[in-house]
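Architecture at a glance
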Amino acid sequence: MYIFKLIKLKVRDHDVFKENIEFDFFQESDHLDTGKPYFTMVLGPNGTGKSNLLRLLIEIIKVGYEKSLKQPIKKYPKGKYSLEYYLNDGYYTILNTLGYSSIEAASQGQDDFNEERGIRLFKDGTEIEFTLSAIPKSILAVSIMLNDKFPVFSGNDFSIYNYLGLKRDANTAGTRSYITKTVEMVFRAAHKTSFIENTAELLKFLELDPNLFISYYPRYKHIFFKGNMTVELMDDFYSDYKKYLNRETEPWSIGIYKNIKETEPEVIPKLVDLLNYISERLQPEYEGSRTKFYDFDIFDTSIDISNHFNYLPYLQRLDLISYPEIVLQKNGRYFSVENSSSGEYHLISTIISVLACISENSLVLVDEPEISLHPNWQMKYIKFLNQTFKKYRSTHFLICSHSHFLVSDLKPENSSILSLYKEGSQIKSSQVLSNTFGWSSESVLYNVFKVKTTRNHFVEIDVMELVSLLEDQSKDFDSIKVLIEKFESLSLLKEDPLNELINEAKNYLADASTN
């Protein structure tokens, strides 16, 4: 049976988390096998390290991955840490020098000072060798922000990690490359029945027609898309382009073709077949138009997308087809996803990417999913994830957010809430133990985000309760203390009259303790 739950992370001496801090991602009262994906919501104002927390988790698991393959560690995570998770049949801990309980002594040895940095793996308290079966099967990092803090790795440096964001590499980002990457993932997953079914659910959620087209425009149409392409003709074009083109400079694609011919000669006949296949299916943009395009619907079961269209990226590299577009349909009207609303663009690109990459025992890290989403969609977001990924019951979603709408959709049986806040310069972490499902926006803002608004009904209820306790000279000191702590956690201006009530309550408790 597949089971994966991120349990907790202890950190100190990190660039951001300098003092001892413990992040509890899982409530002890929850069952390890919930029968559903598990959601941990990480909340906190800017500057409390939410994005850095996600990055640190990736870096720690990457160390475990590299040690499992007996590869040299390319980059050690900063600070001292202990990451605990449950995987299939036991509790695992990856740590360097931050030990606890039965493994504390083992974690403070001489290895702390050599190049291995004291990195160890424990299962149920016993030290074991690192193996791939002892770490999560996949990590997905999801963001729609240009400046997200997720790392981007080159090649197969970290094969279980999939970055699903706008960055092409560590230094560049853009929507065009993101769409291309999303289309490649569609090709990768199009043969999966679950992918097609869940994509249909996504379109239904967005109130779109049940069609999703991948569209390309041909280039050099008069040469390559006449339906009579052969290997010899293709080779002749790239050997003597001046015979076909009225240009002096050599097309940059010639070098790419020569490399393919030298290293993958078996690919050339496949490209010829694909060019002729597309030529037969070109259609005008509109009636009477000379501009033609080719598209296919991923729901069309007559097309072997994952096999036949493995060669489309070659045509793109050879500059024979345009960058792909994802085309949607609403009430019979077609439009490119790049021209859709930002919310539609966000959901379609991110959810399709996750659907294409997810597996059992996955850790899915999502940074600020509420960006560009209408409040109505935010309120349905967690419900939608529960429905879409219900078959992946061993997946743990860790979502960093500022949205109170997401919080009210969390069901207690498969979720937890982690609140980050600052005391002075020190970042603190605490679990929100309340069941927030179905709470109103005001209730979430006040009780979870500690935000007091001038018209917040729940603030007024607590104020009236404290005033009543003081007027009655109540002996219920515990309730008075709870209310004081609640008010002190709010961001109050100095002139806020609530400060006077807090001081009055504190004086009342002080007087009571001396009598």
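Everything numeric in this text was worked out from a predicted model, so none of it was measured. (Residues numbered from 1 in each chain as written. Predicted model: local features only at pLDDT ≥ 70, side-chain atom pairs only at ≥ 80, totals over all residues. Heavy atoms only, no water.)

1. What about a negative patch on the surface?
Heads up, the condition is: Residues with no salt bridge and a relative accessible area higher than 30% make up the patches, which join like charges within 9 Å and nonpolar side chains (Val, Leu, Ile, Met, Phe, Trp, Tyr) within 5 Å. Calculation of accessible area relied on Shrake-Rupley with a 1.4 Å probe; when residues are assessed, cover is drawn exclusively from the protein chains displayed. Each salt bridge in this description consists of a side-chain nitrogen of Lys or Arg and a carboxyl oxygen of Asp or Glu lying within 4 Å of one another. When charges are tallied, Lys and Arg are placed among the positive residues and Asp and Glu among the negative ones, while His and the ends of the chain are skipped. Lysine's charge is taken at NZ, arginine's at CZ, aspartate's at CG and glutamate's at CD. Elements are defined by DSSP. Helices are runs of H or I of four residues or more, strands are runs of E of two residues or more, and each kind is numbered from the N terminus. We call a residue buried when its accessible area falls under 20% of the maximum for its residue type, exposed when it is over 50%, and partly exposed in between, using a 1.4 Å probe and counting protein chains only.
A cluster of acidic residues, Glu471, Asp472, Glu500 and Glu504, forms a negative patch on the protein surface. Summarising the element assignment, Glu500 is placed in helix H16 (residues 498-514). Judged by relative accessible area, which is 60%, Glu500 ranks as exposed.

2. Brief notes about the confidence of the model for the protein
Spelled out, the test is: Every residue carries a pLDDT, the predictor's confidence in it, which falls somewhere between 0 and 100. Only heavy atoms enter the contact rule, under which two residues are in contact if any of them lie within 4.5 Å.
Averaged over all residues, the pLDDT of the protein is 84; the fraction at 70 or higher stands at 89%. For the protein, per-element mean pLDDT is lowest for helix H13 (residues 441-447), which scores 56, and highest for strand E15 (residues 362-367), which scores 96. Here residues 98-115 is modelled with pLDDT under 50, and outside its nearest four sequence neighbours on either side it reaches 38 contacts, counting other chains as well.

3. Things to note about the pairing of strand E3 (residues 38-43)
Under the convention used in this document: Pairing between strands is defined by DSSP: at least two bridges between the two strands are required.
Counted residue by residue, E3 has six buried out of six residues, so it is predominantly covered. Because side chains alternate across E3, one face comprises the buried residues Tyr38, Thr40 and Val42, and the other comprises Phe39, Met41 and Leu43, equally buried. Inspection of the sheet shows E3 paired to strand E17 (residues 415-423) by five bridges, in the parallel sense. Considered in E17, the bridge of Val42 is made with Leu418.

4. A few points about the nonpolar core
Threshold: Side-chain atoms within 4.5 Å are what join buried Ala, Val, Leu, Ile, Met, Phe, Trp, Tyr and Cys residues into a set we call a nonpolar core.
Formed by 89 residues in total, the largest nonpolar core has its most connected members in Phe224, Met234 and Leu312. Counting residues per element, this core draws most heavily on helix H10 (residues 342-357), which supplies nine residues. In this structure, Met234 is in contact with Phe224, Met229, Tyr257, Ile268, Leu271, Val272, Leu275, Leu318 and Leu320, ignoring residues within four places of it in sequence. Listed in part, the 45 residues of the second largest apolar core include Ile60, Ile61, Ile94 and Ile119.

5. Considerations on the sheet that holds strand E8 (residues 138-142)
Formally: Only the contacting stretch of a helix is used when fitting its axis, a line to C-alpha atoms as for every element, and angles between N-to-C directions run 0 to 180 degrees.
With mixed pairing, seven strands are arranged side by side in an open sheet as E9-E8-E15-E16-E3-E17-E18. A strand with exactly one partner marks an edge of an open sheet, and here the two such strands are strand E9 (161-164) and strand E18 (426-432). Strand-to-strand twist in this sheet, taken as the mean axis angle between neighbours without regard to direction, amounts to 15°. Pairing geometry for E3 and strand E16 (residues 396-401), over six bridges, is parallel. Following the sheet pairing, Leu43 is matched in E16 by Ser401. In this fold H10 packs onto E8 and E9, with an angle of close to 175° to the strand it touches most, E8.

6. Here we look at helix H1 (residues 50-68)
Because each turn of an α-helix spans 3.6 residues, side chains separated by three or four positions in sequence point in the same direction. Worth spelling out the cut-off: In this scheme, a helix's expected span is set at 1.5 Å multiplied by one less than its residue total.
Between its first and last C-alpha atoms H1 spans 28 Å; for 19 residues at 1.5 Å apiece the expected length is 27 Å, and the two agree. A large share of H1 lies buried, amounting to 17 of its 19 residues. The first or second residue beyond H1 is Lys70, which carries a positive phi of 55°.

7. Let's talk about the packing of aromatic side chains
Definition in use: Any two rings among Phe, Tyr and Trp, with Trp reduced to its six-membered ring, count as a pair given centres within 6.5 Å; such a pair is stacked if its planes are under 30 degrees apart, edge-to-face if over 60, and tilted if neither.
Taken as a whole and assessed by the stated rule, the structure comprises 28 aromatic pairs. Ring centres 6.4 Å apart and planes at 40° place the aromatic pair Phe205 and Trp377 in the tilted group. Here Trp377 lies in helix H11 (residues 375-388) and Phe205 lies in helix H3 (residues 193-205), a separation of 172 residues in the sequence. As far as burial versus exposure is concerned, Phe205 and Trp377 are alike and both buried. Put simply, the rings of Tyr220, Phe224, Phe237, Tyr238, Tyr244 and Tyr257 touch in pairs and so form one group of aromatic residues.

8. A word on the sheet that holds strand E12 (residues 292-297)
Strand order across the open sheet formed by five strands is E11-E12-E10-E13-E14, with antiparallel pairing between neighbours. Bordering the open sheet on either side are strand E11 (283-284) and strand E14 (333-336), each of which pairs with just one other strand. With four bridges joining them, strand E13 (residues 325-330) and E14 adopt antiparallel strand pairing. By the bridge assignment for E14, Val327 is matched with Ser336.

9. Here's the deal with the pattern of salt bridges
Two side chains bearing opposite charge may form a pair once their charged atoms approach each other closely. Under the definition given, this model contains 20 salt bridges. Here Lys123 ties to Asp89 by a salt bridge, and the two come within 3.2 Å at their closest N and O atoms. Of this pair, Lys123 sits in strand E6 (residues 120-123) while Asp89 sits in the loop between strand E4 (80-87) and strand E5 (90-95), and the two are 34 residues apart along the sequence. Beyond isolated ion pairs, a larger network of salt bridges with shared partners links Lys8, Glu22 and Asp24.

10. Notes on the pairing of E8
Burial analysis of E8 places five of its five residues in the buried class, the great majority of the element. Sheet topology places E8 next to E15; five bridges connect them, and they run parallel. Residue pairing in the sheet places Val142 in a bridge with Val366 of E15. Taken together, the four bridges between E8 and E9 define a ladder with parallel strand orientation.

11. Comments concerning the environment of Glu84
Assignment of secondary structure puts Glu84 in strand E4. C-alpha separation for the pair Glu84 and Leu9, spaced 75 residues apart in sequence, amounts to 6.3 Å.

12. Structural notes on the packing of helix H5 (residues 231-239) against helix H6 (residues 253-263)
Angle between the axes and distance between the axes: these two values describe a pair of packed helices. This is how the line gets drawn: Note on angle classes: values under 35 degrees are labelled roughly parallel, values over 145 roughly antiparallel, values of 65 to 115 roughly perpendicular, and the remainder oblique. Each crossing gets its hand from how the near helix is turned against the far one by less than a right angle, where anticlockwise is left-handed and clockwise is right-handed. Only Asp, Glu, Lys and Arg are considered charged in this grouping, and only Ala, Val, Leu, Ile, Met, Phe, Trp, Tyr, Cys and Pro are considered nonpolar; every other residue, Gly among them, is considered polar.
It is at 9 Å that the axes of H5 and H6 come closest, and there the two elements cross at 135°. Relative to H6, H5 is oriented oblique. Read as a crossing pair, H5 and H6 show a hand that is left-handed. The segment H5 lies against H6, with Met234, Asp235 and Tyr238 engaging Ser253, Ile254, Tyr257 and Lys261. Residues of the contact of H5 with H6, tallied by class, amount to four nonpolar, one polar and two charged.

13. Some remarks on the side chain of Asn276
When you line up the elements, Asn276 lands in helix H7 (residues 267-279). Given the relative accessible area of 15%, Asn276 is considered buried. The residues contacting Asn276, other than those within four sequence positions of it, are Gly227, Asn228 and Met229.

14. Structural notes on unusual backbone geometry
Phi is positive for Asp13, close to 60°, though the residue is something other than glycine. Along the chain, Asp13 turns up in the loop between strand E1 (4-12) and strand E2 (21-24). According to the relative accessible area criterion, Asp13 is partly exposed, its value standing at 43%. If you check the backbone angles, Glu368 has positive phi at about 50° while not being a glycine. Inspection of the secondary structure assignment puts Glu368 in the loop between E15 and H11. Take Glu368: its relative accessible area is 15%, and that puts it in the buried class.

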